[in-house]
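What the coordinates show
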There are 2 protein chains.
Amino acid sequence: MTQQKAPSQRTTVKRVPQRADYEHHTIYQILDEGLVCHVGFVADGQPFVIPTAYGRVEDTLYIHGSPASRMLRTLQQGIDVCVTVTLIDGLVLARSAFHHSMNYRSVVVFGKATLVENAEQKLTALKAFTDHVILGRWEKVRSPSRQELAGTIVLSLPLTEASAKIRTGSPLDDEADYQIPVWAGEIPLKLTAATPINDSRLDSSIQVPVNISNYTRPQTGVA
Amino acid sequence: MTQQKAPSQRTTVKRVPQRADYEHHTIYQILDEGLVCHVGFVADGQPFVIPTAYGRVEDTLYIHGSPASRMLRTLQQGIDVCVTVTLIDGLVLARSAFHHSMNYRSVVVFGKATLVENAEQKLTALKAFTDHVILGRWEKVRSPSRQELAGTIVLSLPLTEASAKIRTGSPLDDEADYQIPVWAGEIPLKLTAATPINDSRLDSSIQVPVNISNYTRPQTGVA
């Protein structure tokens, strides 16, 4: 999986290009580990950035929601969209204020979203949303009813114009600053699960499954 | 701190309005706990969503970066911007695929960013960036040099048009689904620090301070 996506004009990372990574593998890994994307679009000349859940199936990103959602109603008109997923990996504490930074992995996707009308593709996308959050969950819960399917809008966005940007490692201080007697290094950060909270109406005979008591990100492998 | 921000047309939460919260206190808490915002703007008709660090001083949000940054060069022209901060608080696992959800807290800010030219205000903002990441850090590290100050663009965005949206608690299943024998409830999630990694050139006499070995979010109180 070393195939590169040729960067288009707008996905070419302008700042600190050595942090850019156009490989499928990296892009998929970041998208599979993330839980929320930030969807950017323009309505009446005003930019909007809305957080929402998503799922990935091969080279397609799916988002979904209610037909009453302003975002989905706007996006299904086929306008330009920018979807960004950011994972915070750590704080980078340098010896000068100026060189403080963060370690992160982010993906930016440009394109136009398309309404998914095919019933089979819609179900595939809904399975992807559920299994993206917790692998194998789709098989264990009630599938969407006809009414729920009709009450869900699914949009697809091709991952054709996507780029990743990554910072890792320690601070880079100015040579003269290495003598400053202050702690410097990295504080790794990770989205971590705490003890699951049973629903108040959970049947007392149901135990917490291991994949829920030991929940970690990511949940999905890289295709 | 129960004063309400009167929602403007564009900050009025359209979907699930009972999740909306226009109070200063809530908005400040979410902004103070977050580490990265997603900045949305339009350039040549194309929406962009760029993740970046930020700081807050009272009713002003600050972002910063290099004068070479396309985002900062675009924003300092005084165009409309949308800045969103999202905290993921948990996964909500229901008995049907349809009712799966996430617990989260998010803030959306609309406005126009302004270039900070006043030297004192610029320093205040730079202190806010550093102390936002780790409280008290600014006093311990080398302050920005004249050259570094000149090489940093700082933009301010008033928190006048801001709204918060929050989901908490357990899943809400359809009545008939409560009999399905599957675990349901919430998996709480939190951005958590692991053991700090010393910089490879750290003087061996320097110990890890307690606020770094026990790092947690948020770092700042609510003003």
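Summary of the structure given here. Here the structure is a predicted model, which means the values were calculated and not measured.

As a further point, take the relation of the copies chain B and chain A. Structural alignment of chain B on chain A gives an RMSD of 0.0 Å, achieved by rotating through 180 degrees and translating 0.0 Å along the axis. Those values place the two copies in the arrangement expected of a two-fold rotation axis. Residue Leu191(B), judged by its C-alpha, is the member of chain B lying nearest the rotation axis, at 2.1 Å. Interface residue correspondence from chain B to chain A reaches 100%, placing this contact among same-surface, isologous pairings.

Attention now goes to the packing of aromatic side chains. The relation between two aromatic rings is expressed through the spacing of the ring centres and the mutual angle of the planes. One pass over the full model with this rule turns up four aromatic pairs over all chains. Summarising the aromatic geometry, the rings of Phe48(A) and Phe110(B) are spaced 5.3 Å apart at their centres and angled 75 degrees between planes, so their arrangement reads as edge-to-face. You can see Phe48(A) sitting in strand 3 (residues 46-53) and its partner Phe110(B) sitting in strand 7 (residues 101-112), one on each of two chains. Taken together through their ring pairs, the aromatic side chains of Phe41(A), Phe48(A) and Phe110(B) make up a single cluster. Directly above the aromatic system of Tyr178(B) lies the positively charged group of Arg201(A), at a separation of 3.7 Å from the ring centroid.

With respect to the secondary-structure elements, Ala193(A) resides in strand 11 (residues 185-193). Note: C-alpha distance between Ala193(A) and Ile212(A) (19 residues apart in sequence) is 9.1 Å.

Moving on: the sheet that holds strand 5 (residues 60-65) of chain A. All names here are of chain A. Spatially, four strands are ordered 4-5-9-8 in an open sheet, and the strand pairing comes out antiparallel. Of all strands in the sheet, those bounded by a partner on one side alone are strand 4 (55-57) and strand 8 (114-115). Where strand 8 and strand 9 (residues 153-158) come together, two bridges link them in antiparallel fashion. Each residue of the ladder has a partner; that of Thr 114, found in strand 9, is Ser 156.

The next subject is the pattern of salt bridges. Residue and element names in this part refer to chain B. Taken as a whole and judged by the stated rule, the model has 22 salt bridges over all chains. The shortest N-O distance in the salt bridge between Asp 80 and Lys 112 comes to 3.0 Å. With Asp 80 in strand 6 (residues 80-93) and Lys 112 in strand 7, this residue pair connects regions lying 32 residues apart in the sequence. For Lys 112, a relative accessible area of 44% puts it in the partly exposed group. In this structure, Arg 95 engages Asp 173 in a salt bridge whose closest nitrogen and oxygen atoms are separated by 2.8 Å. Highlighted residues: Arg 95 in the loop between strand 6 and strand 7 and Asp 173 in the loop between strand 10 (161-167) and strand 11 (185-193), separated in sequence by 78 residues. In this pair, the class of Arg 95 matches that of Asp 173, namely buried.

With that settled, consider the pairing of strand 3 of chain A. Put simply, side chains in a regular strand alternate between the two faces of the sheet. Residue and element names in this part refer to chain A. Bridge count between strand 2 (residues 36-43) and strand 3: eight bridges; the pairing is antiparallel. Paired with Cys 37 across the strands is Thr 52, a residue of strand 3. Between strand 2 and the antiparallel strand that follows it, strand 3, lie two residues; Asp 44 among them carries a positive phi value of about 55 degrees.

Glancing now at unusual backbone geometry. Put simply, Arg217(A) and Pro218(A) share a cis peptide bond, and its omega is -5 degrees. If you trace the backbone, Pro218(A) turns up in the segment after helix 6 (210-213). Residue Asp44(B) is not a glycine yet carries a positive backbone phi of 50 degrees. Relative to the assigned elements, Asp44(B) resides in the loop between strand 2 (36-43) and strand 3 (46-53). Among the residues examined, Asp44(B) registers a relative accessible area of 87% and is labelled exposed.

Let's shift gears to the nonpolar core. Counting residues in hydrophobic clusters, the biggest one holds 64 residues, and the most contacted among them are Val39(A), Ile63(A), Leu75(A), Val39(B), Ile63(B) and Leu75(B). Residues within four places of Val39(A) in sequence aside, it is in contact with Phe48(A), Val49(A), Ile50(A), Thr52(A), Ile63(A), Met71(A), Leu75(A), Val81(A), Cys82(A), Val83(A) and Val49(B).

A word on the interface of chain B and chain A. How big an interface is tends to be reported as the loss of accessible area on association of its parts. Taken residue by residue, the interface counts 85 residues in chain B and 85 residues in chain A. Together chain B and chain A conceal approximately 7200 Å² of surface at their shared face, both sides included; 66% is due to carbon and sulfur atoms. The interface formed by chain B and chain A holds eight salt bridges in total. A salt bridge links Arg142(B) to Asp174(A), with the shortest nitrogen-to-oxygen separation between them at 3.3 Å. The interface formed by chain B and chain A contains 33 residue pairs in polar contact (both at pLDDT 80 or more). Only strand 2, strand 3, strand 6, strand 7, helix 3 (119-133), helix 4 (137-140), strand 11 and strand 12 (197-198) of chain B provide two or more residues apiece to the side of chain B that touches chain A. Each residue belonging to the side of chain B that touches chain A can be placed in one class, and the counts come to 48 nonpolar, 20 polar and 17 charged. The pairing of strand 12 (residues 197-198) of chain A with strand 11 of chain B spans two bridges and is classified as antiparallel. Residue pairing across strands places Ile197(A) opposite Glu186(B), the latter belonging to strand 11 of chain B.

Analysis parameters
- Every chain is numbered independently, its residues counted from 1 as its sequence is written.
- A letter from A marks each chain and a number from 1 marks each ligand, given out in the order of writing.
- pLDDT decides what is reported in this predicted model: residues at 70 or higher carry local features, side-chain atom pairs at 80 or more are listed and counted, and totals for whole chains, interfaces and linings draw on all residues regardless.
- The basis for every side-chain value is the complete set of heavy atoms in the structure, and neither hydrogens nor water enter the calculation.
- The atoms used to superpose the copies are C-alpha atoms, taken from residues with pLDDT of at least 70 in both, and the fit is least squares.
- Note on contacts: a residue pair qualifies if any of its non-hydrogen atoms lie within 4.5 Å across the two residues.
- Two aromatic rings from Phe, Tyr or Trp, using only the six-membered ring of Trp, form a pair when their centres are within 6.5 Å; if the ring planes differ by under 30 degrees the pair is stacked, by over 60 it is edge-to-face, and anything between is tilted.
- Only runs of H or I of at least four residues qualify as helices and only runs of E of at least two qualify as strands under DSSP, and these elements are numbered from the N terminus.
- The criterion is that NZ of a Lys, or CZ of an Arg, lies within 6 Å of the ring centre and within 35 degrees of the ring normal, and then a charge sits over that ring.
- Strand pairing is assigned whenever DSSP detects at least two bridges linking the two strands.
- Salt bridges are counted wherever a side-chain nitrogen of Lys or Arg sits within 4 Å of a carboxyl oxygen of Asp or Glu.
- Exposure is judged per residue with a 1.4 Å probe applied to protein chains only, and the accessible area is read against the type maximum: over 50% gives exposed, under 20% gives buried, and values in between give partly exposed.
- By nonpolar core we mean a set of buried residues, namely Ala, Val, Leu, Ile, Met, Phe, Trp, Tyr and Cys, connected to one another through side-chain atoms within 4.5 Å.
- The quantity reported as buried area is the accessible area (1.4 Å probe) lost by two parts once they are put together, taken as the sum for both.
- Polar contacts, as counted here, are pairs of nitrogen or oxygen atoms within 3.5 Å of one another; within protein the pair requires one atom able to donate a hydrogen and one able to accept it, and residues that are adjacent in sequence qualify only if both atoms are side-chain atoms.
- Think of it as three bins: nonpolar holds Ala, Val, Leu, Ile, Met, Phe, Trp, Tyr, Cys and Pro, charged holds Asp, Glu, Lys and Arg, and polar takes everything else, Gly as well.

Treat this as a map of the structure, not an account of what it does.
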